[in-house]
Amino acid sequence: MIQMKNVYKKYPNGIVALNGLNVEIAQGEFVYIVGPSGAGKSTFIKMMYREERPSSGQMLVDGKDIAKLKNRKVPFLRRDIGVVFQDFKLLPRLNVYENVAFALEVIEEKPQVIKERVMEVLDMVGLKHKAKMFPRELSGGEQQRVSIARSIVNTPKVMIADEPTGNLDPDTSWDIMNLFEQINSTGTTIIMATHNREIVNKLRHRVIAIEGGLIVRDAAGGDYGYED
Ligand code: ADP
């Protein structure tokens, strides 16, 4: 379902962030991306939702090379891919409900459908009772829950997360991981870059380790494996 073929990425400043990656990720997999800072993890992840394009090579999603997708088609790709960031990226002037509804409003879903679906996902992340609150009134863990709700409201086939627990305390991180597990159990592919050794070692899934823009390890049910 997701396939990289010889993906090479050189940024305009001359830095080679990915040096010829080959990888396949099947529908429904849960994959951790690990590696030291500067290894290329974020660049790898950005390729998957066309935030960056490979300088050469193919980035295939459902057999289509998304590197070749016209810019006006990118929003359609993003509807099938939920993205969660370390810093949540919620819209500060919109309340919880509106932050989540936004993704459905842009695709002109019917108001009643939007309302039902938004309340359903807010219920799933345990925040139905805070629908009218604003991001600044929420804890970090709650804000991350809102961003997860927003990322799944379109029922995407794939969820991409870049250090989703990076700003959270350990207990809250586990709560967030439980949500990801739940989402994965419904068949959604999850690709998560993380530095969280405890989580990777305890909730075992495929581990892809990147170093210097290369995949140095790819192990089903692997461990974190670094001493950082
Ligand atoms: P990681 O997520 O593993 O820390 P990144 O993918 O962010 O790694 O970065 C890989 C390399 O590419 C680093 O050397 C970084 O400085 C460089 N890099 C990342 N983004 C850009 C950019 N937009 N422009 C230029 N260089 C970049």
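This one's a predicted model, so the numbers in the text were calculated from it and none came from an experiment.

Participant: Sorry, what's going on with the site of the ligand here?
Facilitator: As a matter of local geometry, the ligand sits amid Y11, N13, I15, A17, P36, S37, G38, A39, G40, K41, S42 and T43. Here N13 contributes a side-chain N or O atom positioned 3.2 Å from a nitrogen atom of the ligand. Taking S42, its main chain carries an N or O atom lying 2.8 Å from an oxygen atom of the ligand. Relative to its unbound accessible area of 560 Å², the ligand is 66% covered by the protein chains.

Participant: For this particular structure, what's the right way to read the sheet that holds strand β4 (residues 56–61)?
Facilitator: Sheet strands associate in pairs through backbone hydrogen bonding, adopting either a parallel or an antiparallel arrangement. The sheet built from four strands is open, its strands ordered β2-β1-β4-β5 with antiparallel pairing. The sheet terminates laterally at β2 (16–25) and β5 (64–65), the two strands that pair on one side only. Here β4 runs beside β5; their pairing, made up of two bridges, is antiparallel. Considered in β5, the bridge of V61 is made with K64.

Participant: Whenever I open this one, the pairing of β4 confuses me. Can you help?
Facilitator: Pairing between strand β1 (residues 2–10) and β4: five bridges, direction antiparallel. Its bridge partner lying in β4, Q3 is registered against L60. Taken together, β4 and the strand that follows it, β5, pair antiparallel across an intervening segment of two residues, in which D62 is found at a positive phi of about 50°.

Participant: When you look at the nonpolar core in this model, what are you seeing that I'm missing?
Facilitator: Soluble globular proteins tend to pack their nonpolar side chains together in the buried interior. Core analysis: the biggest nonpolar cluster contains 41 residues, and Y32, L122, I148 and F180 have the highest contact counts within it. Beyond its immediate chain neighbours, meaning those up to four positions away, I148 contacts V84, V125, M159, I176, L179, F180 and I183. Formed by 30 residues, the second largest nonpolar core is a distinct cluster that contains I66, L69, F85 and I208.

Participant: I keep staring at the sheet that holds strand β7 (residues 158–162) and nothing clicks. Help me out?
Facilitator: An order of β6-β7-β8-β3-β9-β10 is seen for the six strands of this open sheet, with the pairing classed as mixed. Each having just a single partner strand, β6 (81–85) and β10 (214–219) make up the two edges of the open sheet. Across the sheet, the axes of successive neighbouring strands diverge by a mean angle of 15°, strand direction being ignored. Pairing of strand β3 (residues 30–34) with strand β8 (residues 189–193) involves four bridges; the strand directions are parallel. Within β8, the residue paired with F30 across the bridge is I190. Here helix α5 (residues 140–152) sits on the sheet in contact with β6 and β7, set at roughly 165° to β6.

Rules of the game
- Residues numbered from 1 in each chain as written.
- Predicted model: local features only at pLDDT ≥ 70, side-chain atom pairs only at ≥ 80, totals over all residues.
- Heavy atoms only, no water.
- Near = heavy atom within 4 Å.
- Polar contact = N/O pair within 3.5 Å; in protein donor to acceptor, adjacent residues only side chain to side chain.
- Areas by Shrake-Rupley, 256 points an atom, 1.4 Å probe, with all protein chains shown as cover.
- Pairing = 2+ DSSP bridges.
- Helix = DSSP H or I, 4+ residues; strand = E, 2+ residues; numbered from the N terminus.
- Core = buried A, V, L, I, M, F, W, Y, C linked by side-chain atoms within 4.5 Å.
- Buried < 20%, exposed > 50% of the residue type's maximum accessible area, 1.4 Å probe, protein only.
- Contact = heavy atoms within 4.5 Å.
- Axes fitted to C-alpha atoms, helices over the stretch in contact; angles between N-to-C directions.

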